[in-house]
Amino acid sequence: MSASVLVHGVTGLDTLTTPLGKVGGKLGGSAPYAALGARLFCTHVDMVSLVGDDFPARYEEALRERGINLEATVRLPGETFAWEAEYEADMNNRTTLSTKFGVLADWKLELPERLRRHKVIIATNVTPAHQLDLIGQCENRAFVMSDYMASWITSDRADVEKVIALSDLVLMNDGEARLFAGTSEPLAAAECLLDHGARYVVVKHGAYGATLMHRTAAGEEKLFRCPAWPLKRPVDPTGAGDTFMGALGGYLAQSLAGGEPDWEELKRGIAYASVVAAAVCESFGPDALFALTWQEVERRMLQFSEMTCWTLAGK
């Protein structure tokens, strides 16, 4: 657990409608979810983000209580980023009803000197320009993870490509990866992302798991497919992908040496991230993530190992 990461992204207030109900004013945004996911594995998580003066103090207190350092989360006059979405019966599908950028629209990132020394950088879904600013200010970076969304791929393609080229591990969901690569096949999309400079690619399949791909120096493609932790009654999938990213980054930060993760550690990290991300879906917003303990993660991991372990007949 003696590891540290820098998490950068949006902090917001969400209004969410799912088949099980509706809530408003919930803590949201990519940064809190990723930071909480990473904190399960790291002793120190610095969260770089921005909120308005309407952001509830109780959320800041809750994050600090879970060990998230908010030194670089700035509060400015104005409204906090706000997002409203509605999920279909198949909660892999959702519709964004409104997005209000608030203070985020004019954010100029200036990292404190101490934070520029971080080696593991988790650049969650925020504008590619902000991701580039962050990466450029972290001169001692050894391992950079980055995530995206479809609108940036469409509107800021050139900057997205720059971020990918600077990233060690790129994460996209099925739709984003296929949009970026111009293909209907997720594996072909992962290969395209490797072609653009990523060392490792994770394509997230929502309730269907995740695929990890890597191309060795010799040109060999390595592949790992991990199922999702099965949920009997999902409540709200918001933030699951961001939590997955944070948990994976936090897990890898424990074992990274010279910025090159071990393949088996990567596979274990994907499994841990899948279990933690699924837990988020058991309540609205990040409530379940706040309540999740390391002991519960380990208990589920033992079950997950049993669920997914098998041998060939006669072997």
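What you see is a predicted model; the values in this text were computed from it and never measured.

**Regarding the packing of aromatic side chains**
Inspection of the entire model under this criterion finds 8 aromatic pairs. Both rings, one in Phe41 and one in Tyr251, keep their centres 5.9 Å apart while their planes meet at 85 degrees; by these two values the pair is edge-to-face. Taken together, the positions of Phe41 in the loop between α1 (30-39) and β4 (44-52) and Tyr251 in helix α8 (residues 240-253) put the pair 210 residues apart, joining distant regions of the chain. Residue Phe41 shares its accessibility class with Tyr251, and that shared class is buried. On the basis of an interplanar angle of 55 degrees and a centroid distance of 5.8 Å, the ring pair of Phe55 and Tyr59 is categorised as tilted. This pair shows no difference in class: Phe55 is buried, exactly as Tyr59 is. Each member of the aromatic cluster is reached from another via a ring pair, and the members are Phe41, Tyr251, Tyr272 and Trp294. For the cation-ring pair, Arg58 lies above Tyr59, with the distance from its terminal atom to the ring centre recorded as 4.6 Å. Directly above the aromatic system of Phe180 lies the positively charged group of Arg157, at a separation of 3.8 Å from the ring centroid.

**Quick notes on the pairing of strand β3 (residues 21-28)**
With 6 bridges joining them, strand β2 (residues 12-18) and β3 adopt antiparallel strand pairing. Opposite Thr18, over in β3, you have Gly21 as the bridge partner. Once β2 ends, the chain turns through 2 residues before running back antiparallel as β3.

**Focus: the pairing of strand β14 (residues 221-226)**
For strand β13 (residues 210-215) and β14, the ladder comprises 6 bridges, and the chain directions are antiparallel. The residue bridging Met213 from the neighbouring strand is Leu223, located in β14.

**What about the pattern of salt bridges?**
Taken as a whole and judged by the stated rule, the model has 16 salt bridges. For Asp168, the salt bridge is made with Arg199, and the minimal N-O distance between the two is 2.7 Å. Pair noted here: Asp168 is in the loop between α5 (157-166) and β11 (169-173) and Arg199 is in the loop between α7 (186-195) and β12 (200-204), with a separation of 31 residues, a long-range link. Judged by its relative accessible area of 24%, Arg199 falls in the partly exposed class.

**Considering the side chain of Asp14**
Assignment of secondary structure puts Asp14 in strand β2. Buried and unpaired, Asp14 has Arg94 as its nearest opposite-charge partner, separated by 8.2 Å. Once you skip the residues sitting within four places of it in the chain, Asp14 turns out to touch Val23, Gly24, Gly25, Lys26, Leu27, Gly28, Gly29, Trp83 and Thr238.

**Points about the state of the cysteines**
For the structure shown, the criterion picks out 0 disulfides. The thiol of Cys42 is unpaired, and the distance to the nearest cysteine sulfur, on Cys138, comes to 15 Å.

**Overview of the environment of Leu27**
Within the fold, Leu27 resides in strand β3. The exposure class of Leu27 is buried, given its relative accessible area of 2%. Sequence separation of Leu27 and Arg58 is 31 residues, and the distance between their C-alpha atoms is 9.9 Å. In contact with Leu27, not counting residues within four places along its chain, are Thr11, Gly12, Asp14, Pro32, Tyr33, Phe55, Tyr59, Leu63, Pro286 and Phe290.

**Some thoughts on the layout of surface pockets**
Any empty space left between the atoms is revealed when a probe the size of a water molecule rolls over them. Within this model, the second largest pocket holds a volume of roughly 330 Å³. What lines the second largest pocket is a set of 14 residues, among which Phe224, Lys267, Arg268, Ala271 and Thr308 lie closest to the centre. The set of elements that each furnish at least two residues to the lining of the second largest pocket consists of β14, α9 (263-280) and α11 (294-308). Considering every element that reaches the lining of the second largest pocket, the biggest residue donor is α9, with 5 residues.

**Focus: the nonpolar core**
Within soluble globular proteins, side chains that are nonpolar tend to cluster in buried spots. Ranked by size, the top nonpolar core spans 61 residues in total, and within it Val5, Leu169, Val202, Phe244 and Leu248 carry the most contacts. Ranked by residues supplied to this core, first place goes to α9 with 12 residues. Among the nonpolar cores identified, the runner-up in size contains 43 residues, and Val48, Leu134, Trp152 and Cys192 belong to it.

**Details of the sheet that holds β3**
Pairing is mixed across the open sheet formed by 4 strands, whose spatial order is β3-β2-β7-β8. Strand pairing shows two members of the sheet lacking a second neighbour, β3 and β8 (94-100), which therefore form its edges. Neighbour-to-neighbour, the strand axes of this sheet turn through a mean angle of 15 degrees, independent of strand direction. Taken together, the 6 bridges between strand β7 (residues 81-87) and β8 define a ladder with antiparallel strand orientation. Each residue of the ladder has a partner; that of Ala85, found in β8, is Thr96. Sitting on the sheet, helix α2 (residues 57-65) is in contact with β2 and β3, with an inclination near 70 degrees to β3.

Conventions and cut-offs
Residues numbered from 1 in each chain as written. Predicted model: local features only at pLDDT ≥ 70, side-chain atom pairs only at ≥ 80, totals over all residues. Heavy atoms only, no water. Phe/Tyr/Trp six-rings, centres within 6.5 Å; stacked < 30°, edge-to-face > 60°. Helix = DSSP H or I, 4+ residues; strand = E, 2+ residues; numbered from the N terminus. Buried < 20%, exposed > 50% of the residue type's maximum accessible area, 1.4 Å probe, protein only. Lys NZ or Arg CZ within 6 Å of the ring centre and 35° of its normal. Pairing = 2+ DSSP bridges. Salt bridge = Lys/Arg side-chain N within 4 Å of Asp/Glu carboxyl O. Lys, Arg positive; Asp, Glu negative; His and termini not counted. Contact = heavy atoms within 4.5 Å. Disulfide = S-S within 2.5 Å. 1 Å grid on protein atoms, 1.4 Å probe; cavity = no way out; pocket = protein on both sides within 12 Å on 5 of 7 lines; lining within 4 Å. Points joined across faces, edges and corners; volume = space filled by probe spheres on them. Core = buried A, V, L, I, M, F, W, Y, C linked by side-chain atoms within 4.5 Å. Axes fitted to C-alpha atoms, helices over the stretch in contact; angles between N-to-C directions.

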